[in-house]
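Structure at a glance
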Amino acid sequence: MSYAKVNTADALRQELTDLKSLDRENARTMHPSFYTSDDFHELEREHVFRREWVCLGHVGEVPNVGDFFTTELVDEQLLVSRGHDGEIYVLSNVCRHRGNMVETEARGNRRSFVCGYHAWTYNTDGALKTAPLMKKIKTLDPKRCALPQLKTEIWNNFIFVNLDGNADPLAPQLGKLDDILHNYHNEGRNLLFSEETVWNTNWKNLTENFMEGYHLFATHPKTLQPMTPTQLCKKVPGEDRWTAYRSYYDPAFPPRGPFHEDMTEDEQRNSVLFNIFPSFVTAVAANYTLHLCLRPAGTDKVAIRWGISGFKTDPEDPEVVAYVDLCKSFNAEDKAKLETLQKSQNTRYMQHGFLAPEDLEGTIWDFLGYMGKILGADKVDS
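All of these numbers come straight from a predicted model, not from anything done at the bench. (Residues numbered from 1 in each chain as written. Predicted model: local features only at pLDDT ≥ 70, side-chain atom pairs only at ≥ 80, totals over all residues. Heavy atoms only, no water.)

**So, the overall build of the protein chain**
As a reminder, the rule being used: Secondary structure counts use DSSP, requiring at least four H or I residues in a row for a helix and at least two E residues in a row for a strand, with both numbered from the N terminus. We take the radius of gyration over the C-alpha atoms and set the globule estimate at 2.2 Å times the residue count to the 0.38 power. The contact definition used throughout considers only heavy atoms, calling two residues in contact when any of these lie within 4.5 Å.
Within the protein chain, the secondary structure is distributed over 7 helices and 17 strands. For 382 residues, the compact-globule estimate of 2.2 N^0.38 gives 21 Å, and the C-alpha radius of gyration of the protein chain, at 22 Å, lies within 12% of that figure. For the protein chain, the C-alpha atoms occupy an extent of roughly 70 × 60 × 35 Å along the three principal directions. Counted over contacts in the protein chain with a minimum sequence separation of 6, partners at least 24 positions apart contribute 65%.

Right, here's the structure in full:
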């Protein structure tokens, strides 16, 4: 198909549909404009990130009543709060008076949220507390002026939001993934490190990169390949909502304990890397969990809220610091490769590539299948 003669977004939607007819042996990559098209990016914003479950962060970022952090998702300003009832809320961070942002700090602790524009004040669950000098406005109903509470679900200590409120419950769609992760007991791990950053690459580039072990030997020859070599990656059968693979450790590499007593010998010898579609990618090892919450910040930029959790409690523990440093090192290696990839994807001479065998890049094929189900040309509402 000529992408120069037709609307790029329409061509990409048709290509996603066409991929469904290919068997795994003929699996291939998408046209590079899949990662560079502004038109297709707008479709993703509306039909993926506004309609699907998107992970915003870890419950450890709001451990105490009144704790909060602010974030953004496809131009929606969001306020994640631990309410006085102990529940976690994802609120619209936009005042119901004149629409200014209520909370402008990145994180902190508040007894209530006060809009700095006209001092309208809200409870930690979004309920309106006070509206100064508005008593003469008889039609003002405080119950109708609360900050909207967005559809929220907590899964394995991760906070998910669904902006349009129409997505099916998430947890029932992850039952088999829960079974795989059960003995790692991620729900008992403490947040030890978190950071925000932006990379100059499309969000799908980073999603796909995280989820394939093929690049380990070339991109991470000193950081990851000696520990989890490309040759020992094994894909896990996924489902409609997720894909995964096991990254087995080199037998010569020291054990990564301590191990939870429930873990089998096989589980002690690998990490589980999974992608909950569209953009939450995680690696669960015996001792630590690395997670990346990805949000599109433009066609060629991805906002990343990432963190590390584990059974330890002290972020300054030398072992924790060493693991954080390791993650920073291989993240920097990925960033360098993905930012040059974004540049090269604008070429006219690259069309399609071949995907590596199932254990190495089968997860990318699963991801493309998911994108086809959401944005394929056969989706009449796209």
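**Quick look at the nonpolar core**
Short version of the rule: Nonpolar core, defined: a set of buried Ala, Val, Leu, Ile, Met, Phe, Trp, Tyr and Cys residues in which side-chain atoms within 4.5 Å join the residues together. Burial classes: relative accessible area under 20% of the type maximum marks a residue as buried, over 50% as exposed, and values in between as partly exposed (1.4 Å probe, protein chains only).
Membership of the largest hydrophobic core comes to 68 residues, with the highest contact counts inside it found for Phe 34, Phe 40, Leu 73, Leu 292, Ile 308 and Met 371. Ignoring any residue separated from it by four or fewer positions in sequence, one finds Phe 40 in contact with Ala 9, Leu 12, Arg 13, Leu 16, Phe 34, Met 371 and Leu 375.

**What to know about the sheet that holds strand 7 (residues 121–122)**
To be explicit about the condition: Here, strands pair whenever DSSP counts at least two bridges between them.
Across the sheet, which stays open at both edges, the 3 strands sit in the order 6-7-8 with antiparallel pairing between neighbours. Each edge of the open sheet is held by one strand with a lone partner, namely strand 6 (113–114) and strand 8 (128–130). When strand 7 meets strand 8, the two strands line up antiparallel, connected through 2 bridges. Across the sheet, residue Tyr 122 finds its bridge partner in strand 8, namely Leu 128.

**As for the state of the cysteines**
Just so we agree on the cut-off: Any two cysteine sulfur atoms lying within 2.5 Å of each other are counted as a disulfide.
According to the stated counting rule, one finds 0 disulfides in the structure shown. The closest cysteine sulfur to the non-disulfide-bonded Cys 145 is located on Cys 95, 8.9 Å from its own sulfur. For the unlinked cysteine Cys 327, the closest cysteine sulfur is that of Cys 293, found at 14 Å. Judged by relative accessible area, Cys 327 falls into the buried class, the value being 0%.

**Topic: the side chain of Gln 342**
Summarising the element assignment, Gln 342 is placed in helix 6 (residues 318–344). Of the residues examined, Gln 342 reaches a relative accessible area of 6% and is grouped as buried. Other than its neighbours up to four places away in sequence, Gln 342 contacts Tyr 35, Thr 36, Asn 200, Thr 201, Asn 202, Asn 205, Thr 299 and Asp 300.

**Quick word on the sheet that holds strand 3 (residues 76–82)**
Stated precisely, the cut-off is as follows: An axis is simply a line fitted to the C-alpha atoms; with a helix, the fit covers only the stretch in contact. Between two such axes, the angle follows the N-to-C directions and lies from 0 to 180 degrees.
Taking strand neighbours across the sheet as the criterion, the 4 strands line up as 4-3-2-5 in an open arrangement whose pairing is antiparallel. Each having just a single partner strand, strand 4 (88–92) and strand 5 (107–109) make up the two edges of the open sheet. Here the average twist between neighbouring strands, direction ignored, is 25 degrees. In terms of strand pairing, strand 3 meets strand 4 through 5 bridges, oriented antiparallel. Considered in strand 4, the bridge of Arg 82 is made with Ile 88.

**So, the packing of aromatic side chains**
Short version of the rule: Only centres within 6.5 Å qualify two rings of Phe, Tyr or Trp (six-membered ring in Trp) as a pair; their planes then separate them into stacked at under 30 degrees, edge-to-face at over 60, and tilted for everything else. Our definition puts a charge over a ring when NZ of Lys or CZ of Arg is within 6 Å of the ring centre and also within 35 degrees of the ring normal.
Counted by the stated rule, this structure contains 14 aromatic pairs. Ring centres of Phe 49 and Trp 203 lie 4.9 Å apart, and the angle between their planes is 85 degrees; on these two criteria the pair is classed as edge-to-face. Pair noted here: Phe 49 is in helix 2 (residues 38–49) and Trp 203 is in helix 4 (residues 203–210), with a separation of 154 residues, a long-range link. Using a relative accessible area of 0% as the deciding quantity, one classes Phe 49 as buried. Each ring, one from Phe 274 and one from Phe 280, has its centre 6.4 Å from the other, and the planes form 70 degrees; the classification is edge-to-face. We classify Phe 280 as buried; its relative accessible area is 1%. An aromatic cluster is present here, built from Phe 49, Trp 203, Phe 277, Phe 367 and Tyr 370 joined pairwise through their rings. Seen from the ring of Phe 34, Lys 204 lies directly overhead, with NZ or CZ sitting 4.7 Å from the centre. Between the NZ or CZ atom of Arg 305 and the centre of the ring of Phe 69, over which it lies, the distance is 4.0 Å.

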